[in-house]
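# Inside the fold
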Amino acid sequence: MTATETAHAVDPERGTLAKAADENFPVAPFFLPRAWRTDLMAVYGFARLVDDIGDGDLAPGGADARLLGVPEDRADDRLLMLDAFEEDLRRVFDDTPRHPLLRRLVPTVRRRALTPGPFLGLIAANRQDQLVARYETYDDLLAYCELSANPVGRLVLAVTGTSTPERIRRSDEICTALQIVEHLQDVAEDLGRDRVYLPAEDMKRFHVQESDLGAPTANASVRALIAYEAARARDLLNEGAPLVGSVHGRLRLLLAGFVAGGRAALDAIAAADHDVLPGPPRSGKVHLLREAGVVLRGEG
């Protein structure tokens, strides 16, 4: 058992929140107002735990199952765990939830007047992951991202009190792009979970077989497919980037970091000649900061 898993087994709340340091993007960076950081960490705790349930990444010992009222011998039943988690989420809005991460969410929901919709979307995405492992079309994938990614951006806007229909639309474009980028980085890892997020119609177009995705390195067809999907993600990032200029102050820095992180990740994929199979290509901090400056200046 790793140190993180041990911490989680002893204190599920602290163990889950500790994972924020390992995320691709800063969850609640120091430069944000303390009240925002508190509420964003509460939202993160929910999102991280629901993903851990959906991916089967809960720490051993069954602590989360016990907190959710699920028998320990059924803690590996992801759909049952997601159902129990959804039931506990609903208590956030009208009662006292059982899980400490959801109890932490209660004051945030009240303070920011958050609604159940985005939280239910994230649960639905993880439930879908148990039932759907392949996506036939790009539109099918976008519909999945509507559940798995877009609620996060909507919650950030709601927590910071900056939601408008136009900002939500731009945020959705950015979040969908970031989700696609993550899928591109994690092709090999996802295949190991028997999941393929590359649209089947695109795989056929580029003559890519699933067996090609399990190779140590990508062949020319796989690289061409990854380049094609990366271009789609970059277009979405560019379409959503005006969101950054529509807000001010520290929130502008945070959103610029999201866009810059996506662009830097795409640059790293391109620098690896679109061979993502050995592992996720990573960009350096200098490149990330440079991209953030470009976004903040509105130059791209």
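These notes cover the structure that comes with them. (Residues numbered from 1 in each chain as written. Predicted model: local features only at pLDDT ≥ 70, side-chain atom pairs only at ≥ 80, totals over all residues. Heavy atoms only, no water.)

## Comments concerning the overall build of the protein
Stated formally: Each helix corresponds to a stretch of at least 4 residues labelled H or I by DSSP, and each strand to a stretch of at least 2 residues labelled E; elements are numbered beginning at the N terminus. Radius of gyration here uses only the C-alpha atoms, and the compact-globule reference equals 2.2 Å multiplied by the residue count raised to the power 0.38. Think of it in three bands: residues with accessible area under 20% of the maximum for their type are buried, residues over 50% are exposed, and the middle band is partly exposed, with areas taken using a 1.4 Å probe on protein chains only. Any two residues whose heavy atoms approach within 4.5 Å at even a single point are treated as in contact. The accessible surface values rely on the Shrake-Rupley method and a 1.4 Å probe; as for residues, cover is taken only from the protein chains in view. Positive charges are assigned to Lys and Arg, negative charges to Asp and Glu, while His and the chain termini are left out of the count. One atom stands in for each charge, and that atom is NZ of Lys, CZ of Arg, CG of Asp or CD of Glu.
Assigned secondary structure in the protein consists of 17 helices and 0 strands. Here the protein has a C-alpha radius of gyration of 19 Å; the compact-globule value for 300 residues is 19 Å, and the two agree. Each of the three principal axes of the protein carries a C-alpha extent, and together these read 55 × 45 × 35 Å. Here the protein holds 300 residues, and the buried ones make up 49% of them. Contacts in the protein between residues far apart in sequence, at least 24 positions, make up 68% of those at least 6 positions apart. Only carbon and sulfur atoms are counted for the fraction: they give 53% of the accessible area of the protein, which is about 13,700 Å². Side-chain charges of the protein comprise 36 positive and 46 negative groups, with the mean position of each set lying 8 Å from the other.

## So, the pattern of salt bridges
Just so we agree on the cut-off: Criterion for a salt bridge: a side-chain nitrogen of Lys or Arg within 4 Å of a carboxyl oxygen of Asp or Glu.
A complete count under the given rule lists 27 salt bridges for this structure. Asp88 is paired through a salt bridge with Arg91; the nearest N and O atoms lie 2.6 Å apart. Of the two residues, Asp88 and Arg91 both sit in helix α5 (residues 78-94), 3 residues apart, roughly one turn of that helix. On the basis of relative accessibility, which here comes to 0%, the residue Asp88 falls in the buried class.

## Details of the layout of surface pockets
A water-sized probe rolled over the atoms picks out the places where empty space is left. Test applied: Both cavities and pockets are sets of points on a 1 Å grid over the protein atoms alone; in a cavity a 1.4 Å probe fits but cannot get out, in a pocket the set is open with protein on both sides within 12 Å along at least five of seven lines, and lining residues sit with an atom within 4 Å of a point. Grid points are joined across faces, edges and corners, and a volume is the space filled by probe spheres set on the points. Gly counts as polar in this scheme, as do all residues outside two lists: the nonpolar Ala, Val, Leu, Ile, Met, Phe, Trp, Tyr, Cys and Pro, and the charged Asp, Glu, Lys and Arg.
Put simply, the second largest pocket is a space of about 210 Å³. Gly56, Leu58, Ala59, Ala75 and Asp76 are, among the 14 residues lining the second largest pocket, the residues nearest its centre. At the level of secondary structure, the elements contributing two or more residues to the lining of the second largest pocket comprise α4 (63-67) and α5. The biggest single contributor to the lining of the second largest pocket is α4, with 3 residues. Looking at the lining of the second largest pocket, its residues break down into 8 nonpolar, 3 polar and 3 charged.

## Describing the packing of aromatic side chains
Within a pair of aromatic rings, the relevant descriptors are the distance that separates the centres and the angle that separates the planes. Our working definition: Paired rings are identified among Phe, Tyr and Trp, the last through its six-membered ring, by centres lying within 6.5 Å, and are further divided according to the angle between planes into stacked (under 30 degrees), edge-to-face (over 60) and tilted (the rest).
In total, this model carries 8 aromatic pairs according to the counting rule given. Ring plane angle 85° and centroid distance 5.0 Å describe the contact between Phe46 and Phe119, whose orientation is recorded as edge-to-face. In this pair, Phe46 sits in helix α3 (residues 34-55) while Phe119 sits in helix α7 (residues 116-131), placing the two residues 73 residues apart along the sequence. On the basis of relative accessible area, Phe119 is assigned to the buried category, the value being 0%. Aromatic side chains Phe206 and Tyr228 sit 5.3 Å apart centroid to centroid with 45° between the ring planes, which places their arrangement in the tilted category. Linking Phe206 in the loop between α12 (200-205) and α13 (210-213) with Tyr228 in helix α14 (residues 220-240), this pair joins segments that are 22 residues apart in sequence.

## A closer look at the packing of α7 against helix α9 (residues 150-159)
The description of two helices packed together rests on the angle between their axes and the distance between the axes. Convention followed: Fitted lines through C-alpha atoms give the axes, limited to the stretch in contact for helices. The angle between two N-to-C directions lies from 0 to 180 degrees. In what follows, roughly perpendicular refers to angles from 65 to 115 degrees, roughly parallel to angles under 35, roughly antiparallel to angles over 145, and oblique to any angle outside these ranges. Helix crossings are classified by the rotation of the near helix relative to the far one: an anticlockwise turn of less than a right angle makes the crossing left-handed, while a clockwise turn makes it right-handed.
At their nearest, the axes of α7 and α9 sit 9 Å apart, and the two run at 155° to each other. For the element pair α7 / α9, the angle class is roughly antiparallel. You can see that α7 and α9 cross each other, and the crossing is left-handed. Here Pro118, Phe119 and Leu122 of α7 come into contact with α9, specifically with Pro151, Val152 and Leu155. In terms of residue class, the contact of α7 with α9 is built from 6 nonpolar, no polar and no charged.

## Focus on empty space enclosed by the protein
Evaluation of the coordinates by the stated rule reveals 2 cavities of 30 Å³ or more. Counted as a void, the largest cavity has a volume near 40 Å³. Leu141, Ile180, His183, Leu184, Tyr197, Leu198, Pro199 and Glu229 are the residues that line the largest cavity. Top contributing element to the lining of the largest cavity by residue count: helix α10 (residues 165-185), with 3 residues.

## Concerning helix α16 (residues 249-271)
Where we set the bar: The length a helix should cover is 1.5 Å for every residue beyond the first.
Here α16 contains 23 residues, and its C-alpha end-to-end distance of 33 Å stays within 8% of the 33 Å for a straight helix at 1.5 Å per residue. Downstream of α16 by one or two residues, Asp273 has phi in the positive range, about 60°.

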